[in-house]
Amino acid sequence: MKRPLLLVLLPYVGGVLFADMVSPSLVLPLGCALAAVAAAIAWDRGRPWLLYVVCFLVGWANASFHTAAISPNDLRALLGQEPHLALVRGVVEETPTIRVYEQGEQQSWRTLARLRVTALCLDKQNWQPAHGQIAVTTPAPLTNVFAGQDVEVSGVAALPRLAVAEGTFDYRAYLKQQGIYYHLQADTAEDWQILRSPASPPLADRFRTWARQVLARGLPGEDESLRLEWALTLGWKPALTEEVSEPFVRAATYHIFAVDGLRMAIIFGIFFGLFRALGIPRSVSGLVLLPLIWFYVALTGWPASAIRATVMLSLVIGGWILKRPTDLLNSLFAAALLILLWQPQQLFQAGFQLSFLVVLCLILMLPPLWLVIRRWTAPEPLLPPSLRRRWPAFILVPARYCGDVLLTSFAAWIGSIPLVAYYFHIVTPVSTPANLLAVPLCGLVLVSNLASLLLAGWFAGAAELFNHAGWFLMECIRVSSCWFAAWPAAYRYVVAPSFLTSFLYYAVLLAVATGWLFQATGRYWKCAALAVALAFWGWNNCWREATTTRLTVLPVNGGIAAYYDAPGRHNDLLCDTGPTNSVQFTTKPFLRGQGVNRLKGLLLTHGDVHHVGGAFDLVDLFHPAQVAIGPLRFRSSVYRKLVSQLQQNPQLVRSVERGARVGQWEVLHPQTGDKFTRADDGALVLRADIAGFRVLLLSDLGRAGQEALFERTEQLRADIVVAGLPSTGEPVCESLLNRLQPRLLVVADSPFPASERAGARLQARLAERHIPVIYTRLAGAATFEFRGRSCCVKTMSGESFQLIAGTRASALEPKSGAPAQTYPLSEGGRSENFSPQQSPMGVTLEWCCGLKLKSALRPRSGYAQNLLPIENRHDKL
């Protein structure tokens, strides 16, 4: 068998996936695996099939071993679901990473650390032993903490934050992939105490500190290009802020900063070419290079991406040393199997998936691509060799090199499209030409920097010359990436593809690349199956999307933003933006995750800075075709400045009042001439009929505005009401609520500031209505999907239920996962079939027939929602 490891890897991966779907249990898979091994030994004829079963069970058992809470002192058993004041003792697993976040001209620093916990003190009680890892965040740079130290940290321990909205960073899932289930928020650097410290920092830390100083010698000062050199050569992450990284992401050249297969291949190629030029045999060169590349991985801090690449490279080099025939595909499968045996959770990391799928596509696609190029460039076969034109070497060699890089970049881009679209919501057609320049320059930068590091101790002048060369080359990469990113259609933000889309893409790609689709055996059946799959995909993705309307209510700090996504892009509308930090961490990634490259419409309800403070940034990012504002003037200086700037383009701004329409939305309030003492009372109120449902957006409408709306509008009844919290008073007063008779109410509140949280009095008043109420500070963003005559409501915390148009009914999804059922509600919105029970949070949990029903009102602590997003999405690589 030519590639036996594929048949071992596939069932093993299936076992790892199965372990992720079921609750982790170690006894069951181990027992089944032992039984399968015994059966394979006793049954000769069934042994080949039983071995596949054994591989599956081994994958299941190994994944369960790495994820199950085996120890009675596991953090999951001690901390539970609620946040705690905690004092944690442990060992620093790796030197903390310091990040800087820029907003305008302000910078904020955060230190991210990982502790292996040994003891825990909860809520000022006694110390107890503990087992597990915990992520620690401190809003300050910690320069005296490094790997190997015993420390004691105080803060609030809680579950990591979920994604606030679709497209935003899911910190909980990111940490879970690394075996970390809790997060500790330390307020200041004083919350850290060092109990015991080694004599000196680890070798990798000392090397990186020395190397940064060496690479800066002779240069005028520390600038962006120098910091990018540190990131490229040493894996220094603070240089890669979001503002700096964005041009590289859009040009698809960001991968050069990851210590991955490309970096390791370049370093291997540099030293291997040097050794071969000195006449050293290939096997001896490989024997010397093996410890050398592993030493480089150690110096860069053992990043997972470098380990993955070096494992595969070591397998190939080992074949050279042993003079065994090598098969790249088998080596790839062997590397994947070794890594997943060592850490099964790597399977769910974006870096692992990108590394192996891209390399697989390179191995399979490059040979047929080269055949096509050779056919196109082949000379006339009937022409005698003496008459054929021969290109000189100084043209032919660079041309072949450029052709290799071009085809490799193209194959890598084709192989990474679905994964990059899924994890980063972007497609970059400019990738191939951009990498044609960036990859060779990256190799030259590494040559210059490695030469500088090697010469620094005994030839300082030459080291400085290489430093200048490296800086210039990195500046070329930076400028060229910005230039490529500015090309028309260089990139496009897209909706994350579904699993079916990605599966079909890779299935068709691999079938074409291997030639399996074109083989004569079963060709008609293959084509028929492909046609059926593509037809089903077209129905599932095109027709369903063309008939679905979505409304998403985004929780922003102290404000509310709502995005209406109609079929197509013509009637799409964003209501408010949130403050500046919410645009950066919530609104912008959400819109990009929805595939929004340019907004069709933007509506600013009123002058509250919590609603429109980030409009400057959002207008620059998404260039709305039209901005709608209300007829009233507000005292907010931010709002006035924004309106004045927008009105410089008269065709951009439109003033709307009661009776006007913005796309499919009707404006109900206010009207010209209204005078209110508070800005909230003059907020724009919108209403729309969507698929038989009447939806009302109240924004932060205050009491005076609610009374004006009540008096002027006769037909106010609405199925779905979305309301924020006014600065004084409560949203949706009793008289207005009686007139609206909603079937679902969304209260857009926020954990911070405290004034923007829904109070106990408001929750108790709304709970008396016995209608579903979603509080966004607990549930995250709420998405309404209107299709046909039904509306499916989903929140980021996992709750979901369904409304049926034309009835006063809602279907709530049982917590057990049983199919959703419909329960009638009376005209007044009160339940006739439910027996409500009051929860400690003042919200109502519905029970029926002994089943506890999942509701958006399920009490949650909400503390995890308080944490700012502290990880860059690009770290998935």
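Note that the coordinates shown come from a computational prediction; the quantities given were computed from them, not determined experimentally.

**Q** Could you give an account of the overall build of the protein, with specific residues and numbers?
**A** Along the protein, the regular secondary structure elements total 26 helices and 30 strands. Computed over the C-alpha atoms, the radius of gyration of the protein is 30 Å, within 12% of the 29 Å expected from 2.2 N^0.38 for a compact globule of 877 residues. When the 877 residues of the protein are sorted by exposure, 52% land in the buried category. For the protein, contacts bridging at least 24 residues in sequence account for 70% of all contacts bridging at least 6. Counting every atom, the protein has about 40500 Å² of accessible surface; 61% of that belongs to carbon and sulfur. For the protein, the centre of its 78 positive side-chain charges and the centre of its 61 negative side-chain charges are spaced 8 Å apart.

**Q** I'd like to hear about the environment of R687, residue by residue, with values.
**A** In this fold, R687 is placed in strand 17 (residues 685-690). Sequence separation between R687 and G724 is 37 residues; the distance between their C-alpha atoms is 15 Å. Those residues within four positions of R687 in sequence are excluded, and the remaining contacts are Q664, W665, E666, L668, R694, V695, L696, T713, Q715 and L716. A distance of 2.4 Å separates a polar atom in the side chain of R687 from the backbone oxygen of Q715.

**Q** Explain unusual backbone geometry residue by residue, including any values.
**A** Along the chain, H669 connects to P670 via a cis peptide bond; the corresponding omega equals -5 degrees. Locating P670 in the fold gives a position in the loop between strand 16 (665-669) and strand 17. Here A489, not a glycine, exhibits a phi torsion of approximately 60 degrees, which is positive. Of note, A489 is situated in the loop between helix 16 (460-485) and strand 8 (492-493). Although it is not a glycine, Q741 sits at a positive phi angle of roughly 50 degrees.

**Q** Tell me about the nonpolar core, and please be specific about residues and values.
**A** Ranked by internal contacts, the top residues of the largest apolar core, which has 103 residues, are L232, F257, M264 and I477. The greatest single-element share of this core, amounting to twelve residues, is contributed by helix 13 (residues 350-377). In this structure, W665, V667, I720 and L803 belong to the second largest nonpolar core, which totals 37 residues.

**Q** With reference to specific residues and values, describe the confidence of the model for the protein.
**A** Of the residues in the protein, 90% have a pLDDT of 70 or more, and the chain-wide mean is 83. Counted against residues more than four places away or in other chains, residues 809-877, with its pLDDT under 50, gives 194 contacts.

**Q** So what's going on with the pairing of strand 12 (residues 601-604)? Residues and values would help.
**A** Because side chains alternate across strand 12, one face comprises the buried residues G601 and L603, and the other comprises L602 and L604, equally buried. In terms of strand pairing, strand 11 (residues 573-575) meets strand 12 through two bridges, oriented parallel. Each bridged residue has a counterpart across the sheet, and for C575 the counterpart in strand 12 is L603. Bridging between strand 12 and strand 13 (residues 626-629) involves four bridges; their strand directions are parallel. Paired with L603 across the bridge in strand 13 is A628.

**Q** Tell me about the pairing of strand 24 (residues 800-804), residues and numbers included.
**A** Relative to strand 24, strand 23 (residues 790-795) runs antiparallel, the two being bridged by five bridges. Paired with C791 across the bridge in strand 24 is L803. The turn linking strand 23 back onto strand 24 is made up of four residues, and G798 within it adopts a positive phi angle of 110 degrees.

**Q** Pulling in residues and values, what's your account of the environment of E246?
**A** Structurally, E246 can be placed in helix 8 (residues 242-250). As for E246 and A485, which are separated by 239 residues in sequence, their C-alpha atoms are 9.2 Å apart. With sequence-adjacent residues up to four places away left out, E246 is seen in contact with Y493 and R592.

**Q** Report on the sheet that holds strand 19 (residues 720-724), specifying residues and quantitative values.
**A** Read across the open sheet, the seven strands follow the order 15-16-17-18-19-20-21; overall the sheet is mixed. The open sheet is flanked by strand 15 (661-662) and strand 21 (773-775), the only strands paired with a single partner. Pairing of strand 19 with strand 20 (residues 744-748) involves five bridges; the strand directions are parallel. Its bridge partner lying in strand 20, A723 is registered against V747. In this fold helix 23 (residues 703-712) packs onto strand 16, strand 17 and strand 18 (693-699), with an angle of close to 110 degrees to the strand it touches most, strand 16. The sheet contacts of helix 25 (residues 760-767) involve strand 20 and strand 21, and relative to strand 21 the element is tilted by about 160 degrees.

**Q** Describe in detail the packing of aromatic side chains, supporting the description with residues and values.
**A** Considering all chains together, one arrives at 27 aromatic pairs under this definition. On the basis of an interplanar angle of 45 degrees and a centroid distance of 4.6 Å, the ring pair of F352 and F356 is categorised as tilted. Note that F352 and F356 are positioned in helix 13 at a spacing of four residues, about one turn of the helix. Residue class for F352 comes out buried when judged on its relative accessible area of 6%. The exposure class of F356 is buried, given its relative accessible area of 11%. Taking the centre distance of 5.3 Å and the plane angle of 85 degrees together, the rings of W483 and W487 count as edge-to-face.

**Q** An account of helix 15 (residues 431-455) is requested, with residue identities and associated values reported.
**A** Its 25 residues place the ends of helix 15 35 Å apart at the C-alpha level, agreeing with the 36 Å of an ideal helix rising 1.5 Å per residue. For helix 15, a buried count of 18 out of 25 residues is recorded, marking the element as mostly surrounded by other parts of the structure.

**Q** If you had to explain helix 10 (residues 282-299) to someone new, which residues and values would you point to?
**A** Given a rise of 1.5 Å per residue, 18 residues ought to cover 26 Å, and the 25 Å separating the end C-alpha atoms of helix 10 matches this to within 8%. By the largest-angle criterion, L289 marks the main kink of helix 10, which is about 30 degrees, and a proline, P291, follows within four residues. If you check which residues of helix 10 are buried, you get S285, G286, L289, L290, I293, Y296, V297 and L299. Among the structural elements, helix 6 (203-215), helix 7 (224-234), helix 9 (261-277) and helix 11 (304-322) are those in contact with the buried residues of helix 10. Following helix 10 by one or two positions, G301 has its phi on the positive side, about 95 degrees.

**Q** Could you give an account of a positive patch on the surface, naming the residues involved and the relevant values?
**A** Taken together, the side chains of R633, R635, R640 and R678 define a basic patch exposed on the protein surface. Topologically, R635 is positioned in the loop between strand 13 and helix 22 (637-646). Exposure remark for R635: the relative accessible area of 69% places this residue in the exposed category.

**Q** Can you explain the packing of helix 13 against helix 17 (residues 499-514)? Please cite residues and give values.
**A** Where helix 13 contacts helix 17, the two axes come as close as 8 Å, and the packing angle between them is 35 degrees. Crossing of helix 13 against helix 17: the hand is left-handed. Residues L357, L360, C361, L364, M365 and P368 of helix 13 form the contact with helix 17, whose own contacting residues are Y506, L509, L510, A513 and T514. When its residues are assigned to classes, the contact of helix 13 with helix 17 shows ten nonpolar, one polar and no charged.

What counts and what doesn't
Residues numbered from 1 in each chain as written. Predicted model: local features only at pLDDT ≥ 70, side-chain atom pairs only at ≥ 80, totals over all residues. Heavy atoms only, no water. Helix = DSSP H or I, 4+ residues; strand = E, 2+ residues; numbered from the N terminus. Rg over C-alpha atoms; globule rule 2.2 N^0.38 Å. Buried < 20%, exposed > 50% of the residue type's maximum accessible area, 1.4 Å probe, protein only. Contact = heavy atoms within 4.5 Å. Areas by Shrake-Rupley, 256 points an atom, 1.4 Å probe, with all protein chains shown as cover. Lys, Arg positive; Asp, Glu negative; His and termini not counted. Charge placed at Lys NZ, Arg CZ, Asp CG, Glu CD. Polar contact = N/O pair within 3.5 Å; in protein donor to acceptor, adjacent residues only side chain to side chain. Core = buried A, V, L, I, M, F, W, Y, C linked by side-chain atoms within 4.5 Å. pLDDT = per-residue confidence, 0-100. Pairing = 2+ DSSP bridges. Axes fitted to C-alpha atoms, helices over the stretch in contact; angles between N-to-C directions. Phe/Tyr/Trp six-rings, centres within 6.5 Å; stacked < 30°, edge-to-face > 60°. Expected span 1.5 Å × (residues − 1). Bend = angle between axes of the 7 residues up to and from the residue. Patch = residues over 30% accessible without salt bridge, like charges linked within 9 Å, V, L, I, M, F, W, Y side chains within 5 Å. Salt bridge = Lys/Arg side-chain N within 4 Å of Asp/Glu carboxyl O. Left-handed = near helix turned anticlockwise from the far one by under 90°. Nonpolar A, V, L, I, M, F, W, Y, C, P; charged D, E, K, R; others polar.

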